[in-house]
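Each chain, written out:
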Amino acid sequence: MRYLTRREVWAALPVVAAMGRGGAGAQVAAGDLLKSAVFDVERMPARKMANGGESWSLLHGVLATGETVAVHESQQAAGAVPNPAHRIEHSEFIFILEGTVDFLHDGKVERVGPGGVIYVSDGTLHQVKNVGDVTARYVVVAVGGDVAADQPGKNVPQGLKPF
């Protein structure tokens, strides 16, 4: 896994921080992401996950450069069962804001803490598990692929021993 430099992380964090928490998800028409905007994240409700975590969907739309993008923040409580391993058909950047997580992918486990960034490439079967003693918070930026169709990643746990 390639780690971003501190400079790259700090350059990206203002964008992610401005996105913050979403909820019902601002479904953004293609033309709506042609101009800069601020999303009022405090007004978006949380979605409860099966494992007790919460997720806020911030936006889903098409950038002026043509890429589809979806952004959400998730929280996973310490000791919680992680969401099932799943395969994605897009690219994701996962920005760890708080807590420590293990990233299971490609037959290996990598630990990531606050300020760390996980890159999940198209087609990767993966899982994220909170291994710390506090709630893990992270922002996911999904780009391209099945993001355009607003389809969830396929849950394909074969070949990956889940946490």
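Data block above holds the structure.
Only a predicted model underlies this, so the values are computations on that prediction, with no experimental measurement involved.

> What's the story with the overall build of the protein chain in this structure? I'm lost.
Secondary structure summary: the protein chain contains one helix and eleven strands in total. Its helices and strands taken in sequence order, the protein chain reads α-β-β-β-β-β-β-β-β-β-β-β from the N to the C terminus. Burial analysis of the protein chain (163 residues in total) assigns 42% to the buried set. Taking all contacts inside the protein chain whose residues are at least 6 apart in sequence as the whole, residues at least 24 apart take part in 67%. For the protein chain, the exposed area adds up to about 8,800 Å²; of that, 55% sits on carbon and sulfur atoms.

> Can you help me understand the environment of Phe93 in this one?
When you line up the elements, Phe93 lands in strand β6 (residues 91–98). Linking Phe93 and Val117, residues 24 residues apart in sequence, is a C-alpha distance of 6.7 Å. For Phe93, the contacting residues outside a window of four places in its chain are Val117, Ile118, Tyr119, Val139, Val140 and Val141.

> Just to check I follow, could you spell out the pattern of salt bridges for this structure?
Two side chains carrying opposite charge are able to pair once their charged atoms lie near each other. Within the structure shown, the criterion is met by four salt bridges. Among the salt bridges present, the one from Lys48 reaches Glu54, with a minimum N-O distance of 3.4 Å. Of the charged contacts, one joins Arg137 and Glu73 as a salt bridge, the two residues approaching to 2.7 Å between their closest N and O atoms. Placement of Arg137 in strand β11 (residues 136–143) and of Glu73 in strand β4 (residues 68–76) is noted, with a sequence separation of 64 residues between them. Salt bridges sharing common partners tie together Glu73, Glu98 and Arg137.

> What is the right way to read empty space enclosed by the protein from this model?
Unoccupied space between atoms shows up once a probe the size of one water molecule is rolled over them. Evaluated as defined, the whole model comprises one cavity of 30 Å³ or more. Considering only enclosed or pocket space, the largest cavity measures out at about 30 Å³ in volume. Residue lining of the largest cavity: Met49, Asn51, Glu54, Ser74, Gln75, Gln76, Asn83 and Tyr138, and that is the complete set. With three residues, β4 is the single largest residue contributor to the lining of the largest cavity. Residue composition of the lining of the largest cavity, by class: two nonpolar, five polar and one charged.

> I keep staring at the sheet that holds strand β8 (residues 108–112) and nothing clicks. Help me out?
By way of backbone hydrogen bonds, the strands of a sheet pair with one another, either parallel or antiparallel. Spatially, the four strands line up as an open sheet ordered β5-β10-β7-β8, and their pairing is antiparallel. Taken across any chain shown, the strands that pair with only one partner, and hence form the sheet edges, are β5 (86–87) and β8. Pairing of strand β7 (residues 101–105) with strand β10 (residues 125–130), which is carried by five bridges, proceeds in the antiparallel orientation. Paired with Val101 across the strands is Asn130, a residue of β10.

What counts and what doesn't
Note on numbering: residues in each chain are counted from 1, in written sequence order. Only residues with pLDDT of 70 or above have their local features reported here, since the model is predicted, and side-chain atom pairs are shown and tallied only from 80 upward, although totals for entire chains, interfaces and linings are computed over all residues. Excluding hydrogens and water, the side-chain figures rest on all heavy atoms present in the structure. Helix and strand assignments follow DSSP, with helices taken as H or I runs no shorter than four residues and strands as E runs no shorter than two, numbered in order from the N terminus. Between buried and exposed lies partly exposed: a residue is buried under 20% and exposed over 50% of the maximum accessible area for its type, with that area taken using a 1.4 Å probe on protein chains only. What makes two residues a contact is simply this: any of their non-hydrogen atoms within 4.5 Å. Surface accessibility in these figures is a Shrake-Rupley result with a 1.4 Å probe; residues are shielded only by whichever protein chains are displayed. Here a salt bridge means any side-chain nitrogen of Lys or Arg lying within 4 Å of a carboxyl oxygen belonging to Asp or Glu. Points on a 1 Å grid over protein atoms alone make up a cavity when a 1.4 Å probe fits among them but cannot get out, and a pocket when they form an open set with protein on both sides within 12 Å along at least five of seven lines; lining residues each have an atom within 4 Å of a point. Grid points are joined across faces, edges and corners, and a volume is the space filled by probe spheres set on the points. Classification convention: Asp, Glu, Lys, Arg as charged; Ala, Val, Leu, Ile, Met, Phe, Trp, Tyr, Cys, Pro as nonpolar; all other residues, Gly among them, as polar. DSSP bridges decide pairing: two strands pair if at least two such bridges lie between them.

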